[in-house]
Amino acid sequence: MKEFKFTQAHKEKFEEDGFLALEGFLSETECDKLRGECMKIVDEMNPEEHNTVFSTDKHEQMESNYLLTSNDKIRFFWEKEALDENGKLCLPKHQALNKMGHALHILSDPFREVTFSEKMQSIFKALDFVKPAIPQSMYIFKPAKIGGEVNRHIDATFLYSDPLKLVGVWLALEDATLNNGCMWFVPGSHKQCDVTYRMVMNPVEGARPATVFEGNMKHHDFDDYKAVPVKKGTLVLIHGMVHHRSNRNTSESSRNIYTFHVTETNDSKWSERNWLQPANGTKFPLLYEDSNATS
Ligand code: FE2
């Protein structure tokens, strides 16, 4: 595999557009290793043990608890269309998952190796991150035929720090095409945007729902979005304030990706109101040190 180098031109393009696709960041072999690890995790998962999200009358409450305590675990979230009207799984588990998260980068060796690799570190050093930490990671399945749409949003709505310095890493483990739900971005939208809309913990402790939205979002027209289809192995950098979305996947091909976020912890404070917090007694792992290091 050719050597990876993040150039000044890459940096300038990312700062201009708010996103950047770097083709060939992962080799075919590296992509297949991550997909294989994912399949192994799903093989070993018993859907019955994750059926709290299936229950009907307490659906929202159970789902909230399940999500909110997933910070140091690998948990499984189903596509809506994979559940019948009684909340029962009605498809084979491998074809039914929307995502799993949020600690793959901590708990799985193959995912940890890619996340903390030297070539990954080199990108964030070039982007002037001083003490970057990784609050979360996810495997997004976007399964064939039923992969759900992701509505227009910015990531800072969900993962806020003050001042904000947040970049998403999005790694295509299969080709992402116009048919299977590739990403769409509004180029330059990160420059026009303040974080006026946030998902925060419900200020009333113990109340349901556990998280609420505050403020208003000013969305761009759909016409402003540009499709960014990419090949397997491409890394896409996503500025925390760039507007993006993806369509439903109604095609015959899945669109698996691995994604995580990087937040600056030097002179930037992670919001205590974010739904995602470090597990008790721990801190988010730092990108530039070994995986045991903490911020
Ligand atoms: Fe996003």
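Predicted model only: the values in this text are computed from it and were never measured. (Residues numbered from 1 in each chain as written. Predicted model: local features only at pLDDT ≥ 70, side-chain atom pairs only at ≥ 80, totals over all residues. Heavy atoms only, no water.)

Asker: What should I look at first to understand the overall build of the protein in this one?
Answerer: For the protein, the helix and strand inventory stands at 6 helices and 16 strands. Against the 2.2 N^0.38 benchmark of 19 Å for 295 residues, the protein shows a C-alpha radius of gyration of 18 Å, consistent with a compact globule. Its C-alpha atoms put the protein at 55 × 45 × 45 Å along the principal axes. Expressed as a percentage of the 295 residues in the protein, the buried residues total 51%. Carbon and sulfur atoms make up 48% of the accessible area of the protein, which totals about 14200 Å². Positive and negative side-chain charges of the protein, numbering 35 and 43 respectively, have mean locations separated by a distance of 1 Å. (Helix = DSSP H or I, 4+ residues; strand = E, 2+ residues; numbered from the N terminus. Rg over C-alpha atoms; globule rule 2.2 N^0.38 Å. Buried < 20%, exposed > 50% of the residue type's maximum accessible area, 1.4 Å probe, protein only. Areas by Shrake-Rupley, 256 points an atom, 1.4 Å probe, with all protein chains shown as cover. Lys, Arg positive; Asp, Glu negative; His and termini not counted. Charge placed at Lys NZ, Arg CZ, Asp CG, Glu CD.)

Asker: Even after reading the chapter, I still don't get the packing of aromatic side chains, so can you show me in this structure?
Answerer: Between two aromatic rings, the relevant description is the distance of the centres plus the angle of the planes. Under the defined criterion, the tally for this structure stands at 12 aromatic pairs. Ring geometry for Phe 111 against Tyr 139: centres 6.0 Å apart, planes inclined by 85°, an arrangement best described as edge-to-face. Of the two residues, Phe 111 is situated in helix H5 (residues 109–115) and Tyr 139 in strand E5 (residues 137–140); the sequence distance between them amounts to 28 residues. As far as the burial class goes, Phe 111 and Tyr 139 line up, both buried. Pairing Phe 222 with Tyr 225 gives two aromatic rings, centres 6.4 Å apart and planes at 35°, and the pair type is tilted. Classification of Phe 222 by relative accessible area gives partly exposed; the value is 43%. Site record: aromatic cluster; members linked through ring pairs are Phe 111, Tyr 139, Phe 141, Tyr 258 and Phe 260. Residue placement shows Lys 99 over the ring face of Phe 77; its charged tip is 5.4 Å from the ring centre. Above the plane of the ring of Tyr 225 lies Arg 245, whose end atom (NZ or CZ) is 5.7 Å from the centre. (Phe/Tyr/Trp six-rings, centres within 6.5 Å; stacked < 30°, edge-to-face > 60°. Lys NZ or Arg CZ within 6 Å of the ring centre and 35° of its normal.)

Asker: Would you mind showing me how to read helix H6 (residues 118–126) here?
Answerer: For an α-helix, the turn length of 3.6 residues means that residues three or four places apart are oriented alike. Along H6, the residues that are buried comprise Lys 119, Met 120, Gln 121, Ile 123 and Phe 124. Tucked into the core, H6 has its buried residues touching strand E1 (19–22), helix H2 (28–44), H5, strand E8 (166–172), strand E13 (235–239) and strand E15 (257–264). In the segment just after H6, Asp 128 is the residue with positive phi, at about 65°. (Contact = heavy atoms within 4.5 Å.)

Asker: How do you make sense of the pairing of E15 when you look at a structure like this?
Answerer: If a strand is regular, its side chains alternate between the two faces of the sheet. Within E15, 8 of the 8 residues are buried, which leaves the element mostly enclosed by the surrounding structure. Of the two faces of E15, the one carrying Ile 257, Thr 259, His 261 and Thr 263 and the one carrying Tyr 258, Phe 260, Val 262 and Glu 264 are both buried. Two strands pair when backbone bridges link them, and strand E4 (residues 132–133) and E15 are joined in this way by 2 bridges, in the antiparallel orientation. Each bridged residue has a counterpart across the sheet, and for Pro 132 the counterpart in E15 is Glu 264. Of the pairings in the sheet, the one linking E5 to E15 comprises 4 bridges and is antiparallel in character. Bridged to Tyr 139 within E15 is Tyr 258. The pairing of E8 with E15 spans 7 bridges and is antiparallel. In the sheet register, Gly 168 faces E15, and the bridge partner there is His 261. (Pairing = 2+ DSSP bridges.)

Asker: Help me understand the layout of surface pockets, please; the structure alone is not making it clear to me.
Answerer: Take a probe with the size of a water molecule and roll it over the atoms, and the empty space left behind shows itself. Approximately 1800 Å³ is the volume attributed to the largest pocket. What lines the largest pocket is a set of 46 residues, among which Asn 98, Lys 99, Glu 149, Val 150 and Phe 158 lie closest to the centre. When residues of the lining of the largest pocket are assigned to their parent elements, the largest contribution, 5 residues, is made by helix H3 (residues 59–68). For the lining of the largest pocket, the residue count by class is 20 nonpolar, 15 polar and 11 charged. (1 Å grid on protein atoms, 1.4 Å probe; cavity = no way out; pocket = protein on both sides within 12 Å on 5 of 7 lines; lining within 4 Å. Points joined across faces, edges and corners; volume = space filled by probe spheres on them. Nonpolar A, V, L, I, M, F, W, Y, C, P; charged D, E, K, R; others polar.)

Asker: I would appreciate a short explanation of the nonpolar core in the present structure.
Answerer: When a protein is soluble and globular, its nonpolar side chains tend to lie buried together. Ranked by size, the top nonpolar core spans 45 residues in total, and within it Met 100, Met 120, Ile 123, Phe 124 and Leu 237 carry the most contacts. No other element matches H2, which puts 5 residues into this core. Ranked by size, the runner-up nonpolar core spans 18 residues in total, among them Phe 19, Cys 182, Val 186 and Ile 257. (Core = buried A, V, L, I, M, F, W, Y, C linked by side-chain atoms within 4.5 Å.)

Asker: Please explain the coordination of the iron ion as it appears in this structure.
Answerer: Around the iron ion, the protein supplies His 153 (NE2), Asp 155 (OD) and His 244 (NE2) as donor atoms, at distances of 2.1 to 2.2 Å. Sequence spacing of the donors to the iron ion: H-x1-D-x88-H. You can see Asp 155 sitting in the loop between strand E6 (150–153) and strand E7 (161–162) and its partner His 244 sitting in strand E14 (residues 244–246), a full 89 residues away along the chain. Accessibility assignment for this pair places Asp 155 and His 244 in one class, buried. (Donors = N, O, S within 2.8 Å, 3.2 Å for Na, K, Ca; no water.)

Asker: How do you make sense of the sheet that holds E14 when you look at a structure like this?
Answerer: One key point about sheets: their strands pair by backbone hydrogen bonds, in either a parallel or an antiparallel sense. Pairing in this open sheet of 4 strands is antiparallel, and the strands run E6-E14-E9-E12 from one edge to the other. In this open sheet, the two strands that pair with only one neighbour each are E6 and strand E12 (226–228). The mean inter-strand angle of the sheet, taken between neighbouring strand axes irrespective of direction, is 25°. The pairing of strand E9 (residues 183–185) with E14 spans 3 bridges and is classified as antiparallel. Bridge pairing in E14 places Phe 185 opposite His 244. (Axes fitted to C-alpha atoms, helices over the stretch in contact; angles between N-to-C directions.)

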